[in-house]
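Listed below are the residues making up each chain.
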Amino acid sequence: QVQLVESGGGLAQAGGSLRLSCAASGSTFSSTARGWFRQAPGKAREFVAAITGSGGRADYADFVKGRFTISRDNAKNAVYLQMNSLNSEDTAVYYCSAGRVGGPSWYWDYWGQGTQVTVSS
């Protein structure tokens, strides 16, 4: 049974920082890649960042490049999203996912329940 649990969300001021964590339990089998997504009220879930199982490749949505960093610690079975220079547009529920990478594409198999991030202006 695969379980992904996000933590680290909360309230931040514009220009501030938060670090989200995603802890995985159970065997993810071939789903070694990890990703972060977010969903704001009334909007569709959108891709934020992803990282390969080895950590050798990371992809980012354009709107977070230069501000957010995805990383992982496989010894702890954890993935992180360091969020800097936050603005109100970053307010959303952030979700962790586990999946696979194939060429330029990512494929997502498991999802966490999400953690709320609220950025005040």
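Preceding block: the structure.
Residues numbered from 1 in each chain as written. Predicted model: local features only at pLDDT ≥ 70, side-chain atom pairs only at ≥ 80, totals over all residues. Heavy atoms only, no water.

Engineer: In this structure, what is going on with the pattern of salt bridges? I would like to understand it.
Structural biologist: Between side chains of opposite charge, a pair can form when the charged atoms approach closely. Evaluation of the coordinates by the stated rule reveals six salt bridges. Salt-bridge contacts for Asp62 lead to Lys65; the nearest nitrogen and oxygen are separated by 3.2 Å. With a relative accessible area of 63%, Asp62 lands in the exposed category. Between Arg100 and Asp109 there is a salt bridge, with the nearest N and O atoms lying 2.8 Å from each other. A relative accessible area of 35% means that Arg100 is categorised as partly exposed. For Asp109, a relative accessible area of 30% corresponds to the partly exposed category. By sharing partners, the salt bridges in this structure join Arg38, Glu46, Arg67 and Asp90 into a single network. (Salt bridge = Lys/Arg side-chain N within 4 Å of Asp/Glu carboxyl O. Buried < 20%, exposed > 50% of the residue type's maximum accessible area, 1.4 Å probe, protein only.)

Engineer: Explain unusual backbone geometry here, please?
Structural biologist: As a rule of thumb, non-glycine residues mostly have phi less than zero, and peptide bonds are mostly trans rather than cis. A positive phi angle is found at Asn77, which is not glycine, with a value near 55 degrees. By secondary structure assignment, the location of Asn77 is in the loop between β7 (68-73) and β8 (78-83). With relative accessibility at 31%, the residue Asn77 sits in the partly exposed group. You will see that Ser85, though not glycine, has its phi angle at about 50 degrees, which is positive. Considering the arrangement of structural elements, one finds Ser85 in the loop between β8 and β9 (92-102). (Helix = DSSP H or I, 4+ residues; strand = E, 2+ residues; numbered from the N terminus.)

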